[in-house]
Amino acid sequence: MPKHYTGLIEKYRERLPVAADTAVISLSEGATPLIELMNVPRLARRDVRLFAKFEGLNPTGSFKDRGMTMAVTKAVEAGARAIICASTGNTSAAAAAYAARAGIACFVLIPEGKIALGKLSQAMMHGSVVIQIRGNFDDGMRLVQEVAKTMPVNIVNSINPYRLQGQKTIAFEVIEALGDAPEYHALPVGNAGNITAHWIGYSESVCQNTRACALCAGNCGYHRKKIATRRPIMVGYQAAGAAPILRQRPVENPETVATAIRIGNPVSWQQALAAQQESDGWFGECTDEEILRAQKLLAETEGIFCEPASAAALAGVLKDLDAGRMREGSTIVCTLTGHGLKDPDIAIAQSVKPLTVEAELRAIEHVIRSYLPK
Ligand code: AN7
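Residues numbered from 1 in each chain as written. Predicted model: local features only at pLDDT ≥ 70, side-chain atom pairs only at ≥ 80, totals over all residues. Heavy atoms only, no water.

(A) Representation of helix 8 (residues 169–178) in the model. Counted residue by residue, helix 8 has seven buried out of 10 residues, so it is predominantly covered. Along helix 8, the positions that sit buried rather than exposed are Thr169, Ile170, Ala171, Phe172, Glu173, Val174 and Ile175. Immediately beyond the C-terminal end of helix 8, within one or two residues, lies Gly179, with a positive phi of roughly 85°. (Buried < 20%, exposed > 50% of the residue type's maximum accessible area, 1.4 Å probe, protein only. Helix = DSSP H or I, 4+ residues; strand = E, 2+ residues; numbered from the N terminus.)

This is how it looks when you write it as structure tokens:
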């Protein structure tokens, strides 16, 4: 067994559906930093400990790598020679990379013109077959399920249960970092696989049977291992133009600047509802403006560059703190699902344009004089 970190399957082998001799397809995903926000709580005048689980630091720049290492490992184990997914971008990037690593073919269905440039470049660069459809993610998801009935392709969207198994490890890591589960865990919701996976991970980390545990006097497996004493309240945020769970009906033409979560009919809808209900949590919505403001705030005051969809988690938390819906004094974790570099167009559009000057000392001095803090 190598000493250096070799990915989440090796790390959590006993808690994942792999055999001792399963050949693992990994890019050393997981083990992402949990970064405490130093400035946002102060600026928002809120007495909370706020953490960002920065999933943008996974190998392909999003949390999807956690699920994809499991899905591709199991696909290869089962003898698959091709995988397929529908995607708003990040799933396709991860699928393409892990398929490349495994030496199998990868087909990705993406909505034409509606995925961020970085994600498209990844799917193309890793050599997957990129199929742009004149439709949205939900159309792609339906087509993938239909085509998998007739063609020898293994679906690696989150309807593949191994995806959620890989993604549940995020909860394990948060618990390890904090010593217990936080009071609240907030994340963006699109196809609703990730909130489902978070809840699986947290649920597997606590004693499920309090009555038996009263009898076991703290001697059951969960208590002996002291993994966690509680589960968090789960809070899922959707973009206002793509909020089917909140509105309790599918959204036919979802629209949002956060293209990653531009999804109108989530596959894991029921599981997400169960996570919300079992955790006494809730779903909220954020406008595009709120999302972009939170993304900019994180970038400018904390040095953390996440993509728009990820910022929905922080935007929602700030709103719900203001509304008194989240308790002061509590510990809150936001999953920042993807890296800001995924979507350079959005970043450039909402930032101050670069200055252009002559290559002369005086010109540079002039700029510095104008912009130095007073
Ligand atoms: C950055 O890539 O659905 O609720 O096809 O890329 O588990 O769907 C991406 C989803 C949040 C929502 N943040 O997670 C895809 C795709 C980012 C994302 C979500 C996605 P789910």
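(B) Broad picture of the site of the ligand. The environment of the ligand is formed by 23 residues, the closest being Asn90, Thr91, Asn191, Ala192 and Thr337. The contact in question runs from an oxygen atom of the ligand to an N or O atom on the backbone of Thr88, over 2.8 Å. In the model, an oxygen atom of the ligand is placed 2.7 Å from a nitrogen or oxygen of the Asn191 main chain. For the ligand, the protein covers 99% of the area, taking 470 Å² as the surface of the free molecule. Of the pockets mapped on this structure, the ligand occupies the largest cavity. Of all the elements in the fold, those that place two or more residues in the shell around the ligand are helix 4 (90–102) and helix 9 (193–203). A breakdown of the residues in the shell around the ligand according to their chemical character gives 10 nonpolar, 11 polar and two charged. (Near = heavy atom within 4 Å. Polar contact = N/O pair within 3.5 Å; in protein donor to acceptor, adjacent residues only side chain to side chain. Areas by Shrake-Rupley, 256 points an atom, 1.4 Å probe, with all protein chains shown as cover. 1 Å grid on protein atoms, 1.4 Å probe; cavity = no way out; pocket = protein on both sides within 12 Å on 5 of 7 lines; lining within 4 Å. Sits in = over half its atoms within 2 Å of the grid points. Nonpolar A, V, L, I, M, F, W, Y, C, P; charged D, E, K, R; others polar.)

(C) Quick look at empty space enclosed by the protein. Within the structure shown, the criterion is met by two cavities of 30 Å³ or more. If you add up the space inside the largest cavity, you get close to 310 Å³. In terms of lining residues, the largest cavity is bounded by 26 residues, among which Phe63, Lys64, Gly190, Asn191 and Ala260 are the most central. Only helix 4, helix 7 (161–167) and helix 9 provide two or more residues apiece to the lining of the largest cavity. Of the voids in this model, the second largest cavity is the one considered here, and its volume is about 30 Å³. Tallied by class, residues from the lining of the second largest cavity come to six nonpolar, one polar and three charged. (Points joined across faces, edges and corners; volume = space filled by probe spheres on them.)

(D) Seen up close, helix 13 (residues 269–278). Within the sequence span of helix 13, burial applies to Trp269, Ala272, Ala275 and Gln276. Projected onto a plane normal to the axis of helix 13, the buried residues spread over an arc of 125° and lie on a single side. Turned more than 90 degrees away from the buried face of helix 13 sit Gln270 and Gln277, all of them exposed. As for helix 13, its buried residues are in contact with helix 9, strand 8 (233–239), helix 12 (244–247) and strand 9 (282–286). Just downstream of helix 13, Asp280 is the residue with a positive phi angle, here 60°. (Arc of directions from axis to C-beta. Contact = heavy atoms within 4.5 Å.)

(E) How the structure looks around the environment of Lys374. Its place among the elements puts Lys374 in the segment after helix 17 (361–371). Sequence separation between Lys374 and Pro354 is 20 residues; the distance between their C-alpha atoms is 21 Å.

(F) Structural context of the nonpolar core. By size, the foremost hydrophobic cluster in this structure holds 35 residues, and its most contacted members are Tyr237, Val317 and Met326. Counting only elements with at least two residues in this core, the list comes to strand 2 (49–54), strand 7 (184–188), strand 8, strand 9, helix 14 (288–302), helix 15 (308–322) and strand 10 (331–336). At nine residues, the largest contribution of residues to this core is made by helix 15. The residues contacting Val317, other than those within four sequence positions of it, are Leu50, Ala186, Tyr237, Met326, Ile332 and Cys334. Judged by nonpolar contacts, the second largest core, of 21 residues, contains Ile227, Met234, Ile245 and Val333. (Core = buried A, V, L, I, M, F, W, Y, C linked by side-chain atoms within 4.5 Å.)

(G) Structural detail: unusual backbone geometry. Even without being glycine, Ala31 reaches a positive phi, approximately 55°. For Gln248, which is not glycine, the phi dihedral falls at a positive 60°. Secondary-structure assignment places Gln248 in the loop between helix 12 and helix 13. With relative accessibility at 68%, the residue Gln248 sits in the exposed group.

(H) Broad picture of the pattern of salt bridges. One pass over the full model with this rule turns up 20 salt bridges. Lys168 is the salt-bridge partner of Glu204, the closest N and O atoms lying 2.8 Å from each other. Pair noted here: Glu204 is in the loop between helix 9 and helix 10 (210–216) and Lys168 is in the loop between helix 7 and helix 8, with a separation of 36 residues, a long-range link. When its relative accessible area of 29% is taken as the criterion, Glu204 is described as partly exposed. Taking the relative accessible area as the measure of exposure, Lys168 reaches 2% and is therefore buried. Members of the salt-bridge network, linked through shared partners, are Lys53, Glu55, Arg66 and Glu173. (Salt bridge = Lys/Arg side-chain N within 4 Å of Asp/Glu carboxyl O.)

(I) Up close: the sheet that holds strand 4 (residues 105–111). Read across the open sheet, the four strands follow the order 5-4-3-6; overall the sheet is parallel. What marks the edges here is a single partner per strand, and that holds for strand 5 (129–133) and strand 6 (154–155). Contacting strand 3 (82–86), strand 4, strand 5 and strand 6, helix 6 (residues 137–150) runs over the sheet at an angle of about 150° to strand 3. (Pairing = 2+ DSSP bridges. Axes fitted to C-alpha atoms, helices over the stretch in contact; angles between N-to-C directions.)

(J) Molecular detail of the packing of aromatic side chains. In this structure the tally under the stated criterion is two aromatic pairs. For the pair Tyr184 and Trp282, a centre-to-centre distance of 6.2 Å together with 65° between the ring planes defines the contact as edge-to-face. Of this pair, Tyr184 sits in strand 7 while Trp282 sits in strand 9, and the two are 98 residues apart along the sequence. We note that Tyr184, like Trp282, is buried. Over the aromatic face of Phe172 sits the side chain of Arg15, whose NZ or CZ is 3.6 Å from the ring centroid. (Phe/Tyr/Trp six-rings, centres within 6.5 Å; stacked < 30°, edge-to-face > 60°. Lys NZ or Arg CZ within 6 Å of the ring centre and 35° of its normal.)

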